[in-house]
Amino acid sequence: MTKKVLMLAAKANMIQQFNHRNIKILQDLGYEVHVATNMVDFGSMSEEENERFKQWMNDNKVVAHQVDFERRMGSLKGNIRSLKQLRQIFRENDFTFIHVHSPLGSILGRLVARKFGVPVIYTAHGFHFFKGGPKTGWLFFYPLEWIFSFITETLITINNEDYVLAKEHMHAKKVVQINGIGVDVEGAWRVTDHEKQLARKKIRKELRLPTNAFLITSVGELSNRKNHKLVLEALKMMSVSERKSIYYAIAGTGENVEMLTNLADSFSFQNHFILLGYRTDIHDINYASDISVFPSLREGLGIAGLDAVIDGTYLLATNKGGVNDYLNDEENGKLFNPIDPNQLKNILNTTIALKKNENIIRKNELLKFDYKYVDHTMLHEYRKMGESKR
């Protein structure tokens, strides 16, 4: 009889962006992999990328199930509908275990898994409560995570702070830390300076930047949590002469296009502000950048920030969440408070003046974020979970 595993997240982008390799690991272990997610309201990726993801699942014999998960934590009516859809999927399939992601998907998935006696792996992609975070996160999400940890076999965290908290306060049978989803650190370090210069020229030509342009970039969905408005607010606080050669580009899609555009217009920065949309050439964009800014209000680990660091781009990043697992203050970047535009303005001015990006040193401790080590841990956990069901 074919062994089956269910990969579950509320939005398809969570599977597409973070779980391709996990799916292949499970298939290599002999599992028929099923995915349950919302492929209609698919989250923070382009429609074209969503279609490519659905085609990838079809080409790789992944069984896809549409579940109408709503946004954020959903409504009572919507969540009841999603629970009914999940129960039908479980009735039709005997899963060895399931792997859940995202707050809403993990809660509804664990409820149904408990009813059917199916073990659960849950990857927390950054708890919504953290040191210095808003009280609402602690009042709402902490009790939810605590309660549902009692019906979780393996809880996987992706940064040091969450791991310590989970070990001390959560009740999953096992708590494991991985260093994000894994990135190709060694591959990034094999890129030559000549190749980086070619990519830099290509991107800056595409953006039609003047030769003296100082390019700041950010990568991430255009949402309130990603907080790109802070960068514009910091630039607005500069004098006209301080920002005359600065250009700011964001790679990502989302609901805040109009708000960000209006903010840039408010201080006559519109000709220096570039929305790139969804991009697949993020490394080239990093090479073209003079600095990268990662201003999220909350970040589990922050793959975009990690990509910038391994690409050798000086990173200014939020001090909320797992970024400081890989950013060494004053060496490969600097942390800042993501609600303080004046602090960011001062850091930008200092960084631009010192041309920090010319002095990035590769740190061997970044190798722990290489995908090989993350995949090794996931392989081990999947094997153990499969053995426990026998």
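Above this text you will find the structure in question.
Before going into details, it helps to say that this report is about the structure given with it. If you're wondering where the values come from, they're calculated on a predicted model, not measured in any experiment.

## Overview of the sheet that holds strand β13 (residues 333-336)
Part 1 of the reasoning: The parallel open sheet is built from six strands, whose spatial order is β10-β9-β8-β11-β12-β13. Here the strands that pair on one side only, and so sit at the sheet edges, are β10 (273-277) and β13. Ignoring strand direction, the axes of neighbouring strands in this sheet form an average angle of 20°.
Part 2 of the reasoning: Both strand β12 (residues 315-318) and β13 contribute to a ladder of four bridges, which runs parallel. The residue bridging L316 from the neighbouring strand is K334, located in β13.
Part 3 of the reasoning: Packing of helix α10 (residues 229-237) onto the sheet brings it into contact with β8 (214-219), β9 (246-251), β10, β11 (291-294) and β13, and relative to β9 it is tilted by some 170°.

## Quick notes on the sheet that holds strand β3 (residues 63-66)
Part 1 of the reasoning: Taken in spatial order, the seven strands make up an open sheet running β3-β2-β1-β4-β5-β6-β7, and their pairing is parallel. Two strands lie at the open edges of the sheet, namely β3 and β7 (174-177), each paired on one side alone. On average, each strand axis in the sheet is inclined to that of its neighbour by 20°, with strand direction left out of account.
Part 2 of the reasoning: Here strand β1 (residues 3-11) runs beside strand β4 (residues 95-101); their pairing, made up of five bridges, is parallel. Bridge pairing links L8 to V100 in β4.
Part 3 of the reasoning: Those strands touched by helix α5 (residues 103-116) are β1, β4 and β5 (120-124), and its axis lies near 155° from that of β4.

## Observations concerning the pairing of β11
Part 1 of the reasoning: Burial of the side chains of β11 extends over both faces: I291 and V293 are buried on one face and S292 and F294 on the other.
Part 2 of the reasoning: In this sheet, β11 lies alongside β8 in parallel orientation, the contact comprising two bridges. When the bridges of β11 are listed, T217 appears paired with S292.
Part 3 of the reasoning: Sheet topology places β11 next to β12; three bridges connect them, and they run parallel. Its bridge partner being in β12, V293 is matched across the sheet by L316.
Part 4 of the reasoning: With respect to chirality, the unit in which β11 leads through helix α13 (residues 303-310) into the neighbouring parallel β12 is right-handed.

## What to know about a nonpolar patch on the surface
Part 1 of the reasoning: Together, W146, I147 and F150 give the surface a local cluster of nonpolar side chains, amounting to about 300 Å² of exposed area.
Part 2 of the reasoning: Within the element layout of this structure, W146 appears in helix α6 (residues 135-149).
Part 3 of the reasoning: The partly exposed category is assigned to W146, whose relative accessible area is 35%.

## Here's the deal with the packing of aromatic side chains
Part 1 of the reasoning: Scanning the model with the defined rule gives 13 aromatic pairs in all.
Part 2 of the reasoning: Centroid distance F90 to F95: 5.3 Å. Interplanar angle 75°. Geometry classified as edge-to-face.
Part 3 of the reasoning: For the ring pair Y326 and F369, a centre distance of 5.8 Å and an interplane angle of 90° mean the geometry is edge-to-face. Here F369 lies in the loop between α14 (341-354) and α15 (371-388) and Y326 lies in the loop between β12 and β13, a separation of 43 residues in the sequence.
Part 4 of the reasoning: Linked through ring pairs, F127, F129, W138 and Y142 together constitute an aromatic cluster.
Part 5 of the reasoning: Stacked on the ring of Y122, the Lys or Arg R110 has its end atom at 4.2 Å from the ring centre.
Part 6 of the reasoning: Between the NZ or CZ atom of K372 and the centre of the ring of Y371, over which it lies, the distance is 5.8 Å.

## Here's the deal with the side chain of D375
Part 1 of the reasoning: On the secondary structure map, D375 appears in helix α15.
Part 2 of the reasoning: The class of D375 is buried, set by a relative accessible area of 16%.

## A word on the nonpolar core
Part 1 of the reasoning: Counting residues in each nonpolar core, the largest one holds 61 residues, and the members touching the most others are L26, F97, I310, L315, Y326, F369 and Y382.
Part 2 of the reasoning: Ranked by residues supplied to this core, first place goes to α13 with five residues.
Part 3 of the reasoning: By size, the runner-up hydrophobic cluster in this structure holds 30 residues, among which are V67, V100, L165 and V175.

Conventions and cut-offs
- Counting restarts for each chain: residues are numbered from 1 in the order of the written sequence.
- In view of the model being predicted, local features appear only for residues whose pLDDT reaches at least 70, and side-chain atom pairs are presented and counted only at 80 or more, with totals across whole chains, interfaces and linings using the full set of residues.
- Just so you know, side-chain values use all the structure's heavy atoms and leave hydrogens and water out.
- At least two bridges found by DSSP between two strands are what make those strands a pair.
- For helices the rule is a DSSP run of H or I covering at least 4 residues; for strands it is a run of E covering at least 2, with both sets numbered from the N terminus onward.
- Axis definition: a line fitted to C-alpha atoms, over the contacting stretch in the case of helices. Angles run 0 to 180 degrees between N-to-C directions.
- By definition in these notes, contact holds between two residues if any of their heavy atoms fall within 4.5 Å.
- Relative accessibility under 20% of the residue-type maximum defines a buried residue, over 50% an exposed one, and the middle range a partly exposed one, all with a 1.4 Å probe and only protein chains included.
- If the strands point away from the viewer and the path from the first strand over the helix to the second runs clockwise, then the crossover is right-handed.
- To count toward a patch, a residue needs a relative accessible area over 30% and no salt bridge; like charges are then connected within 9 Å, while nonpolar side chains (Val, Leu, Ile, Met, Phe, Trp, Tyr) are connected within 5 Å.
- Here, Shrake-Rupley sampling with a 1.4 Å probe gives the accessible areas, and only protein chains in the shown set may cover a residue.
- Salt bridge, as used here, is a side-chain nitrogen of Lys or Arg placed within 4 Å of a carboxyl oxygen of Asp or Glu.
- Pairing of aromatic rings covers Phe, Tyr and the six-membered ring of Trp, with a centre-to-centre limit of 6.5 Å; geometry is then stacked below 30 degrees between planes, edge-to-face above 60, and tilted otherwise.
- Geometrically, a lysine NZ or arginine CZ counts as sitting over a ring once it is within 6 Å of the ring centre and also within 35 degrees of the ring normal.
- As used in this record, nonpolar core signifies buried Ala, Val, Leu, Ile, Met, Phe, Trp, Tyr and Cys residues forming a set joined through side-chain atoms within 4.5 Å.

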